[in-house]
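Geometric and topological summary
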Amino acid sequence: MRKIPFSVQILLGLVLGVALGFLARANDLAWLTSTLDTVGGLFVQLLKLAVPPLVFTAIVVSVVSLRGVANAARLALKTLLWFGITALIAVSIGIGLGLLTDPGRGVNLDPAGANAPKTTGSWIDFLTGIVPTNPVGAFVEGNVLQIVFLALVVGAAALLVGEPAEPFVQLNRALLSIVQKALWWVIRLAPIGTLGLIGNAVASYGWDLLAPLAKFTTAVYVGCALVMFVVYPVLLVAAGRLNPLRFFAGAWPAIELAFVSRSSVGTMPVTQRSVERLGVPREYASFAVPFGATTKMDGCAAIYPALAAIFVAQVFGVDLGVTDYLLIAFVSVVGSAATAGLTGAIVMLTLTLSTLGLPLAGAGLLLAIDPILDMMRTATNVAGQAVVPTIVAAREGTLDRAAYESAGKRDLIEPAEPAERENERLAPVPA
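Remember, it's a predicted structure, so these values are computed and weren't measured experimentally. (Residues numbered from 1 in each chain as written. Predicted model: local features only at pLDDT ≥ 70, side-chain atom pairs only at ≥ 80, totals over all residues. Heavy atoms only, no water.)

Section: the environment of Leu152
Structurally, the position occupied by Leu152 is in helix H7 (residues 144–161). A relative accessible area of 31% places Leu152 in the partly exposed class. Once the C-alpha coordinates of Leu152 and Val63 are considered, the two residues, 89 residues apart in sequence, prove to be 7.1 Å apart. Beyond its immediate stretch of four places on either side in the chain, Leu152 contacts Ile59 and Val63. (Helix = DSSP H or I, 4+ residues; strand = E, 2+ residues; numbered from the N terminus. Buried < 20%, exposed > 50% of the residue type's maximum accessible area, 1.4 Å probe, protein only. Contact = heavy atoms within 4.5 Å.)

Here it is, written out as structure tokens:
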């Protein structure tokens, strides 16, 4: 299998999964559907297992690494600014598509039968939920937002303490290397995980279920495609003077894995290696990518909530005004961290609905097809997490343009070259 490029392996798993899914659905093979569900579920479970230690150690190390980055504060502010700019563009596209397509008009669903999802979000929950009452509890419960907060505080403290904190920093570097190595083993299983995830989706979600929501599903995919294949390339050309085709050649393995895994954090090692091979300096990439993987969500936190809010409002017969659309944009730009890099965007959606005063039960209407939507949403998230540091590095003059032009010519899963191994030893990244 090593002779077959990793992206081709993923594609083969995708095709075989679709075929097995259709076979299971057409012949009502419950055992095959169950097997596909188990295979895909185990793959996602393995990714989630690495999330708490990966997020904490990656952010601590990335914050401390800013010590060696010239103009670190300016870089951090520019990264945040571009996160906000791209999120605002994405949510504008989501609102525009919602007004153009009216995704909730004529939908044959019974709103009275919809229940509010078990996981909901509000501004009070979001703000109070950032600070954990028990640091250990944040890791046990897998609360990524609280882990991010702890990691930022600890990383900033270690950065200010300086030399006395170096043993602690080295411990985190070592733990990060171990977690990343184990996660790369899981990532190598992605073709098999793809087979199970896609196969189960096809077997479980037939046209009978998708038909009432076909317009909404199409709008989400079109919106994500517009951001990924129109907005990002335009920004690469206009802001960075970069060839978009080279960007996608380098970033595609991460985008592809995000599509099937539905986890920005689980994809983070591949995203970071992709960004580095696009020529972004390692010190900056080690900060921007982990930070983006937990807060930069153009798909889950911008396009999807905008379209979903309009959908729910139309289903329940609520008219939205200009103020409501401005609120959607505000929530999308400010509340992205509520999604925290995990699969699904229910918390962000309920946060948007509660801000607009729409029934939270409306989110229940979309739960059935959420996995189908989440694939494209997460792919868009990860594309944005790669494009922002690339643009910032290009504008700062630190991007290795020769590396950028040659990106994508080597498989990311290939063993590193000796010189690359030495760099990895000095500043651990996925190997």
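Examining a nonpolar patch on the surface
Together, Val222, Leu226, Phe229, Val230, Val234 and Trp252 line one region of the surface with nonpolar side chains, adding up to about 480 Å² of accessible area. When residues in the nonpolar patch are grouped by element, the largest group, 5 residues, is from helix H11 (residues 214–240). Positionally, Val222 belongs in helix H11. (Patch = residues over 30% accessible without salt bridge, like charges linked within 9 Å, V, L, I, M, F, W, Y side chains within 5 Å. Areas by Shrake-Rupley, 256 points an atom, 1.4 Å probe, with all protein chains shown as cover. Salt bridge = Lys/Arg side-chain N within 4 Å of Asp/Glu carboxyl O.)

A word on the packing of helix H15 (residues 299–315) against helix H19 (residues 370–396)
Between H15 and H19, the shortest axis-to-axis distance is 9 Å and the interhelical angle comes to 130°. Considering their axes alone, H15 and H19 lie oblique with respect to each other. Here H15 and H19 pass one another in a crossing that is right-handed. Note on element contacts: H19 touches H15 through Asp370, Leu373, Asp374, Arg377, Thr380 and Asn381, opposite Gly299, Cys300, Ile303 and Tyr304. Counted by class, the contact of H15 with H19 contains 4 nonpolar, 3 polar and 3 charged residues. (Axes fitted to C-alpha atoms, helices over the stretch in contact; angles between N-to-C directions. Parallel < 35°, antiparallel > 145°, perpendicular 65-115°, else oblique. Left-handed = near helix turned anticlockwise from the far one by under 90°. Nonpolar A, V, L, I, M, F, W, Y, C, P; charged D, E, K, R; others polar.)

Details of the packing of aromatic side chains
This structure, assessed with the given rule, holds 8 aromatic pairs. Here Phe83 and Phe291 contribute two aromatic rings whose centre-to-centre distance is 6.1 Å and whose plane-to-plane angle is 25°, an arrangement assigned as stacked. Taken together, the residues Phe83 in helix H4 (residues 72–101) and Phe291 in helix H14 (residues 282–295) connect sequence positions 208 residues apart. Judged by its relative accessible area of 15%, Phe291 falls in the buried class. The residue whose ring lies beneath Arg273 is Trp184, and the NZ or CZ to ring-centre distance is 5.0 Å. (Phe/Tyr/Trp six-rings, centres within 6.5 Å; stacked < 30°, edge-to-face > 60°. Lys NZ or Arg CZ within 6 Å of the ring centre and 35° of its normal.)

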